[in-house]
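Overview (structure and organization)
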Amino acid sequence: VQIVYEHALRPPDKQHAPWLDRVSEQMRAACAELEAELVRAPLACTEDTIDQGGVCAAVVWDFMQRTLPQGIPAAAHYPALAAYSMQAEALPAFAAAPYLDNV
């Protein structure tokens, strides 16, 4: 979100590259940790078993892919996270509540 704000709220000549680098690295590190955890202990992902952690992981991944796809290359580095989000997004509850369709 901080990267999106920096790009949306500041003119390009006022954006602070060291800050963008820092939060970009934090984002990649968080995704790497989540990827490793999903490989180690997959989250449940059915209508009856998905929990708050699963919802958050799926929604955050989808948000990052819609707003910063160049910053988080899905297939190359985070295949478990990408697959989990896709599986969750296919659930009826997710389909019934679309968001950011125009992003």
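Criteria and cut-off values
Residues numbered from 1 in each chain as written. Predicted model: local features only at pLDDT ≥ 70, side-chain atom pairs only at ≥ 80, totals over all residues. Heavy atoms only, no water. Buried < 20%, exposed > 50% of the residue type's maximum accessible area, 1.4 Å probe, protein only. Helix = DSSP H or I, 4+ residues; strand = E, 2+ residues; numbered from the N terminus. Arc of directions from axis to C-beta. Phe/Tyr/Trp six-rings, centres within 6.5 Å; stacked < 30°, edge-to-face > 60°. Core = buried A, V, L, I, M, F, W, Y, C linked by side-chain atoms within 4.5 Å. Contact = heavy atoms within 4.5 Å.

Remarks on helix α5 (residues 79-89)
Owing to its 3.6 residues per turn, the α-helix brings residues three or four apart onto one side. The set of residues buried in α5 consists of Leu81, Ala82, Tyr84, Ser85 and Ala88. For α5, the buried positions fall inside an angular range of 165 degrees around the axis, keeping them on one side.

Considering the packing of aromatic side chains
Counted according to the given criterion, the structure contains one aromatic pair. Ring geometry for Trp61 against Tyr78: centres 5.9 Å apart, planes inclined by 65 degrees, an arrangement best described as edge-to-face. With Trp61 in helix α3 (residues 52-67) and Tyr78 in the loop between α4 (74-77) and α5, this residue pair connects regions lying 17 residues apart in the sequence. Take Trp61: its relative accessible area is 5%, and that puts it in the buried class. The class for Tyr78 is buried, based on a relative accessible area of 7%.

Thoughts on the nonpolar core
Ranked by internal contacts, the top residues of the largest apolar core, which has 22 residues, are Cys31, Ile50, Trp61, Ile72, Tyr84 and Ala88. Mapped onto this core, the elements with two or more residues apiece are α2 (17-40), α3 and α5. Looking at this core, the element that brings in the most residues is α2, giving five residues. The residues touching Trp61, leaving out its near neighbours within four places in the chain, are Cys31, Ile72, Ala74, Tyr78, Leu81, Ala82 and Ser85.

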